[in-house]
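# Summary of the model geometry
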Amino acid sequence: MNSDMDANDDVSSPTPRIFDRYASSSDDESQPPYPSLHSTNRRLDYMIQFLDRNLLPQHTSRSNAFLPEFVAKGGGQGIFKLPDRRALHPNRPPHLEVRPHPLRETQFGRFLKTIASTERQLCAGSESGAVRVWDFKDLYEEGEEEDAAPFRESYALQSNGNGNSAVMCMVGDEGNGVVWSGHRDGRIRGWKMDCESGRFKEGWCWHAHRGPVLSIVFTCYGDLWSGSEGGNIRIWPWEAIENALSLTMEERHMASLLMERSFVDLRSQVAVNGFSSILNSDINCLLSDNIRAKVWSSGYLSFALWDARTRELLKVFNIDGQIENRADFSLVPDFALEDEIKMKVVSSSKKERTQSSFGFFQQSRNAIMGAADAVRRVAAKGGFVDDSRRIEALTITIDGMIWVGCANGLLIQWDGNGNRIQDLQHHPSAVLCLCSFGSQVWAGYASGIVCVMDLEGNKLREWVAHSSPVLKMAIGAGYIYTLAKHGGIRGWNITSPGTLDSILRSELTAKGFLYTRIENLKILTGTWNVGQGRASKGSLESWLRSAVSDVGIIVIGLQEVEMGAGFLAMSAVRETVGRDGSAVGQWWLDMIDETLHDMMGKKLHECRKFERVGSRQLAGMLIAVWVKGNLKPYVGDIDAAAVPCGFGRAIGNKGAVGLRLRVYDRIFCFVNCHFAAHLEAVGRRNADFDHVYRTMTFSRPSNLFSAGAAGASSAVPMLRGANAMGAHSLEGMPELSEADMVIFLGDFNYRLDGVSYDEARDFISQRSFDWLRERDQLRAEMEAGSVFQGMREAVITFAPTYKFDKHVAGLSGYDSGEKRRIPAWCDRILYRDSRQTLGSECSLDCPVVSSVSKYESCMDVTDSDHKPVICIFSVEIAHIDESVRRQEFGDIMRSNEEVRCRLEELYKIPETIVSTNNIILQNQDTSILRITNKCMESNALFEIICQGESTIKDDGQASDHSPRGSFGFPRWLQVNPAAGIIKPDQVTEVSIHLEAFQTHEEFVDGFPQNWWCEDNRDKEAILVVKVHGRYTMETRNHRIRVRFCCSGKTTKVDRPSDSVKVQGNLLHRSDYQRLSVSYDVVDHLRNMHSP
């Protein structure tokens, strides 16, 4: 450090401004980076595609190539209202897509579980135990994987595929450039960048807990605290961590052994202090209150407040704010730590004394209390706890308030001493994460919503940030980053909500054609009531022969695969335990697999073959989806659903089964139905459809994916709906209404009204289908808006598909039995896409546009009393190339003049001055540091950290400063408050107090040892006062040298002559000077020696 350091010198923070972050690495940093050739080519392709669609006349005759359609009335309103798919919705701020929503099937065993940030990087921990890192300076650039921003990733940890190495929590150590992660296997790992490979590598690792490490935090004194199951909290002193960090790679095994025994066991402290059974539930949250040097720990429904310096328990209270009383529990054994106690190194004499002190009654009492403690633990884990009130998240705001989020959506504000201030309820779903910056608090919900509030809790704005629960939040480089349960990460500008949002939205909309990609896809759908029979391969080939054409997806729906009272009853039982399928249903799936394989040719490349990706069976109804190999990378998130409609809406003889999947980031739902039979049951059929549409709820197939593959909280439900693009999911809207395209297929059982058997046969033989269509019940009900509201069907040009005698070919095969059932079009295929009007073109606002190119039955198949039907859809899908969009976003942030000017205004840092840059303390002195906000308009937000600590040599020089964990304070120094808000033209006072702490205390296996090492050397700490504005993460820094003189030696640096000694509390106040500008200096401090 330069000896003439000025207290009011501005030391620029290394965090760059948003619009400067992505400057070229060349000497001329004003020049933006050039996009890659691949990115440029894609932009050109999209531009040409856009021009073709808007300038060439070929699209005017496009409709002539497809079949005419009939559109049902009643669509576009109520539950049939189409989802809002605007790419930049006015109710949601524009966002930075750091990692687009990945397909679930690609993430098995490697879902991201948590995120954390440092000053320069965003880190994410995965289910495999690996750590992924994004540099903030690269977030706008083109990545190589997943369309995500460029990242580096460590190697996955060995866990035998059981997820035991999954990352549960993370924290960044800014002072030492290390990221620490807590894992499900009970280990804590430290990660550091390997310069040669460019990967993050595990540098330090030790076994911290018997159970998973659920929470981890650095305190303001640099100690690492970790929480686990059963109320287990351990402290890893900075001195032990520093020793581990100083070891070479060859000595890392020694670091693990040393760290595993160097912890402080807070449960033993609890027993000594006499608090009753505190936090026997899992420690899911740890929060460091750096302002007051305290630590909050939370269980399910209770909190404990600790002193970060002395590690003493200060207060225990529940979620209602009621303080837990002290009780004599010093003799209660901790059964959760029984095995660990056996491993402790304790002298035999101490053991004998302890054992002899226990009498029979004392031991009996301990056993009873231990059993009660075990019962409390079981209750805390969910057996008897009110889950709706469970604590899910903690954060602290710059004004020192503690915010708590609960599973019932309640937000509770506390002061720093654990006094409950107010309750808020902005949203009914669970609050899963909280964070704060400046004067705003951000809450992430299980519904995917993000809510932004001011420091008083007033809601400023909310929007749907993701289509799945928001698990974690992190702050860095001008953004709030949100991690969704599905693994996507988005960045929201820290100025939101604000005027910058509208500017970005307008600019991105204008550039939409540069990142909009249109895909063309053919989908073959088929329905067949197989009448409890089994088809030959020839029949299947005849039915599915269109699959050899350029079809990408095949959807097959079967009805009456298997029936009978016994089977239906057994199917209902299997549904109650989450099982579906049958041997007959599996036979059909295998048979179709084999048929498609043979039809496509055995020698075809894998990319041309079909693969079954999902199926669902309910009693006699079966639906399955096959995807061609070259399309499979773009298809996933397969969910299934079933809705019984028979016998009290409980039996699956009638009802529906459905599959939902994501194709090119758009949601497709396929629903196979079998509705009520008989001519007169029109009302029941309409009611069946209404029940299916309203109640169909999709969930992950239990036999395909791990139940714990994603999600970190028990408050995370299976999110209803898949509104990946919508800005706000309306409560009460059915999941089917949130899809981009819905296709209904099946035996709907609608008949012909006012037609006799003979009349129908005559008109069929003459192929006079127009007259018959006018008597079709389904068409009449759709015309009246009573069923399939807003859906479309191609005009029918094939003969009725019901009812036939089996194994009789041609039109002569209609029912010749005694009942002579009237022929009818029972088997139908209808759909709804994204079009509001018939002429809507495919775009990001109307992302799925479909037409029917073929709609026919297969009359030569005679295996059932129904004929199979196929419908081929030609679908256009508009989706965003997130990599290109991210680069366009960066270009706007970097080069748009209006954005730059707005950011310059928002990022202004209020001018501040400090009263001194040199403080000398001895004999438990307290000095007052004054910070003045000279700005007359804006609040100044400040935070004080310790850049490093050093020992003063005999010659008065300081050795190299070494930072503690996360820039923590040395244990001999107390700074209060260490953060806060300074109003315009106001002064705040910070107490800098010397606490006598001249000894080093060591811990082994959680217990303090009996040896002490007195340290009488003078010390010096460099404090940094970091000042920033409401929105900017860039800071203006003031450095303060604090010297601890314990030897009593004189120093060349004089104390200010007019320091005030306050009688009564022996406070030594530094001279307060109102300096004219932030560059004024105290002349007599310039000659101070420094490293």
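Scoring rules and cut-offs
Residues numbered from 1 in each chain as written. Predicted model: local features only at pLDDT ≥ 70, side-chain atom pairs only at ≥ 80, totals over all residues. Heavy atoms only, no water. Helix = DSSP H or I, 4+ residues; strand = E, 2+ residues; numbered from the N terminus. Buried < 20%, exposed > 50% of the residue type's maximum accessible area, 1.4 Å probe, protein only. Contact = heavy atoms within 4.5 Å. Areas by Shrake-Rupley, 256 points an atom, 1.4 Å probe, with all protein chains shown as cover. Pairing = 2+ DSSP bridges. Axes fitted to C-alpha atoms, helices over the stretch in contact; angles between N-to-C directions. Parallel < 35°, antiparallel > 145°, perpendicular 65-115°, else oblique. Left-handed = near helix turned anticlockwise from the far one by under 90°. Nonpolar A, V, L, I, M, F, W, Y, C, P; charged D, E, K, R; others polar. pLDDT = per-residue confidence, 0-100. Phe/Tyr/Trp six-rings, centres within 6.5 Å; stacked < 30°, edge-to-face > 60°. Arc of directions from axis to C-beta. Polar contact = N/O pair within 3.5 Å; in protein donor to acceptor, adjacent residues only side chain to side chain. Core = buried A, V, L, I, M, F, W, Y, C linked by side-chain atoms within 4.5 Å. Salt bridge = Lys/Arg side-chain N within 4 Å of Asp/Glu carboxyl O. Patch = residues over 30% accessible without salt bridge, like charges linked within 9 Å, V, L, I, M, F, W, Y side chains within 5 Å. Disulfide = S-S within 2.5 Å.

Helices and strands together make up the secondary structure of the protein chain, namely 18 helices and 57 strands. Every one of the 1091 residues in the protein chain was classed for burial, and the buried ones make up 58%. When contacts within the protein chain are restricted to residue pairs at least 6 apart in sequence, long-range pairs at least 24 apart make up 67% of them. Only carbon and sulfur atoms are counted for the fraction: they give 50% of the accessible area of the protein chain, which is about 43800 Å².

Ordered by their spatial adjacency, six strands build an open sheet running E33-E34-E32-E31-E42-E41, and the pairing between neighbours is mixed. Each having just a single partner strand, strand E33 (610–618) and strand E41 (848–857) make up the two edges of the open sheet. Taking the axes of each pair of neighbouring strands and ignoring which way they run, one obtains an average angle of 15 degrees across the sheet. Two elements, E41 and strand E42 (residues 869–880), share nine bridges in a ladder whose sense is antiparallel. Paired with lysine 854 across the bridge in E42 is isoleucine 872.

Attention shifts here to the packing of helix H8 (residues 499–510) against helix H18 (residues 897–906). At their nearest, the axes of H8 and H18 sit 10 Å apart, and the two run at 165 degrees to each other. Judged by the angle between their axes, H8 and H18 are roughly antiparallel. Where H8 crosses over H18, the two elements pack in a sense that is left-handed. Contacts between H8 and H18 involve Thr499, Leu500, Ile503 and Leu504 on the former and, on the latter, Glu898, Val899, Arg902 and Leu903. For the contact of H8 with H18, the class distribution of residues is five nonpolar, one polar and two charged.

As a further point, take the sheet that holds strand E26 (residues 449–454). Backbone-to-backbone hydrogen bonds pair the strands of a sheet. The strands run either parallel or antiparallel. If you trace the four strands from one edge of the open sheet to the other, you get E24-E25-E26-E27, paired in antiparallel fashion. Edge strands, defined here as strands with exactly one partner in the open sheet, are strand E24 (431–437) and strand E27 (459–464). Recorded for the sheet is a direction-independent mean angle of 15 degrees between the axes of neighbouring strands.

Here the protein chain shows a mean pLDDT of 82. Residues at 70 or above account for 78%. Note on residues 10–31: pLDDT under 50 across the span, and 55 contacts to partners over four residues away in sequence or across chains. The model gives residues 327–358 a pLDDT under 50, and that stretch makes 44 contacts with residues more than four places away or in other chains.

What the rule picks out here adds up to 38 aromatic pairs. Measuring from ring centre to ring centre gives 6.5 Å for phenylalanine 80 and phenylalanine 689, while their planes differ by 5 degrees; the resulting arrangement is stacked. Taken together, the residues phenylalanine 80 in the loop between strand E2 (69–71) and strand E3 (95–99) and phenylalanine 689 in helix H13 (residues 682–695) connect sequence positions 609 residues apart. Neither residue differs from the other here; phenylalanine 80 and phenylalanine 689 are each classed as buried. With a centroid separation of 5.6 Å and 55 degrees between ring planes, the pair formed by tryptophan 134 and phenylalanine 151 is classed as tilted. Of this pair, tryptophan 134 sits in strand E6 (residues 131–135) while phenylalanine 151 is found in the loop between E6 and strand E7 (152–153), placing the two residues 17 residues apart along the sequence. Each member of the pair, tryptophan 134 together with phenylalanine 151, is buried.

In this section: helix H2 (residues 238–246). Residues Trp238, Ala240, Ile241, Ala244 and Leu245 constitute the buried set of H2. Angular distribution of buried residues about the axis of H2 spans 160 degrees; they occupy a single face of the element.

Let's shift gears to the pairing of strand E16 (residues 285–289). Side chains on a regular strand alternate between the two faces of the sheet. Within E16, five of the five residues are buried, leaving the element largely enclosed by the surrounding structure. Residues Cys285, Leu287 and Asp289 of E16 are buried on one face, and the alternating residues Leu286 and Ser288, pointing to the opposite face, are buried as well. By the bridge criterion, five bridges tie E16 to strand E17 (residues 294–298) in an arrangement that is antiparallel. Bridge assignment links leucine 287 to a residue of E17, and that residue is tryptophan 296. Joining the antiparallel neighbours E16 and E17 is a turn of four residues, in which alanine 293 adopts a positive phi near 60 degrees.

Before going further, it helps to examine the environment of lysine 867. Position of lysine 867 among the secondary structure elements: in the loop between E41 and E42. Using a relative accessible area of 0% as the deciding quantity, one classes lysine 867 as buried. Expressed as a C-alpha distance, the spacing of lysine 867 and lysine 803, which sit 64 residues apart in the sequence, is 8.4 Å. Among the polar contacts listed, one links the side chain of lysine 867 to the backbone oxygen of valine 861, at a separation of 2.8 Å.

This part covers the nonpolar core. Leu122, Trp134, Trp442, Tyr481 and Ile489 are the most contacted members of the largest nonpolar core, which has 58 residues in total. Residues contacting isoleucine 489, with those up to four places away along its chain left out, are Leu96, Glu97, Val98, Arg99, Leu112, Ile115, Leu122, Trp134, His466, Tyr481, Thr482 and Leu483. Of all hydrophobic cores here, the second largest spans 51 residues; its members include Ile553, Val627, Phe670 and Ile796.

Within the secondary structure, lysine 654 sits in strand E36 (residues 651–663). Non-local contacts of lysine 654, meaning those with residues more than four positions away in its chain, are made with Met621, Val643, Pro644, Cys645, Gly646, His674, Phe675, Ala676, Ala677 and Asn749.

Counting across every chain of the model gives 49 salt bridges. Here lysine 511 and glutamate 888 are joined by a salt bridge, their closest N and O atoms 3.2 Å apart. Of the two residues, lysine 511 sits in the loop between H8 and helix H9 (512–515) while glutamate 888 sits in helix H17 (residues 882–895), which places them 377 residues apart along the sequence. Assessed through its relative accessible area of 4%, glutamate 888 is described here as buried. Here arginine 517 makes a salt bridge to glutamate 519, at a shortest N to O gap of 2.3 Å. We classify arginine 517 as partly exposed; its relative accessible area is 32%. Residue glutamate 519 is classed as buried on the basis of its relative accessible area, which comes to 12%. Through salt bridges with shared partners, a single ionic network connects Arg99, Arg110, Arg132, Glu146 and Glu153.

With that out of the way, let us pick up a nonpolar patch on the surface. A cluster of nonpolar side chains, Met47, Phe50, Leu51 and Leu55, forms an exposed patch at the surface whose accessible area comes to about 360 Å². Topologically, leucine 51 is positioned in helix H1 (residues 37–55). What makes leucine 51 partly exposed here is its relative accessible area of 38%.

Before going further, it helps to examine the packing of H8 against H17. Two elements in contact, H8 and H17, have axes whose closest approach is 10 Å; the angle formed by their N-to-C orientations is 130 degrees. Judged by the inter-axis angle, H8 sits oblique to H17. Here H8 and H17 pass one another in a crossing that is right-handed. Note on element contacts: H17 touches H8 through Arg885, Phe889, Ile892 and Met893, opposite Leu504, Glu507 and Leu508. Looking at the contact of H8 with H17 residue by residue, the class counts come to five nonpolar, no polar and two charged.

Let's shift gears to the state of the cysteines. Note on terminology: a disulfide is the covalent bond linking the sulfur atoms of two cysteines. Applying the stated criterion across every chain, the model contains zero disulfides. Summary of cysteine pairing: cysteine 433 is not part of a disulfide, and the nearest cysteine sulfur, belonging to cysteine 435, is at 7.3 Å.

Moving on, we come to the environment of aspartate 753. Tracing the backbone shows aspartate 753 in the loop between strand E38 (741–747) and helix H14 (757–765). Spatially, the C-alpha atom of aspartate 753 lies 9.1 Å from that of glutamate 680, the residues being 73 residues apart in sequence. Apart from residues lying up to four places away in sequence, aspartate 753 is in contact with Leu679, Arg775 and Gln777.

Quick look at the pairing of strand E20 (residues 391–396) now. The element E20 is largely enclosed, with a buried count of six among its six residues. In this antiparallel pair of consecutive strands, E20 and strand E21 (residues 402–406), the connection spans five residues, and glycine 400 shows a positive phi of 90 degrees.

On to unusual backbone geometry, then. Between tyrosine 802 and lysine 803 the backbone carries a cis peptide bond, its omega angle lying at -5 degrees. Within the element layout of this structure, lysine 803 appears in the loop between strand E39 (792–794) and strand E40 (827–832). Here the residue pair asparagine 976 and proline 977 is connected by a cis peptide bond, since its omega of -5 degrees sits within 30 degrees of zero. Checked against the element boundaries, proline 977 lands in the loop between strand E47 (973–976) and strand E48 (979–982). One non-glycine residue, tyrosine 664, lies in positive phi territory at about 50 degrees. Within the element layout of this structure, tyrosine 664 appears in the loop between E36 and strand E37 (666–674). By relative accessible area, which is 12% here, tyrosine 664 ends up buried.

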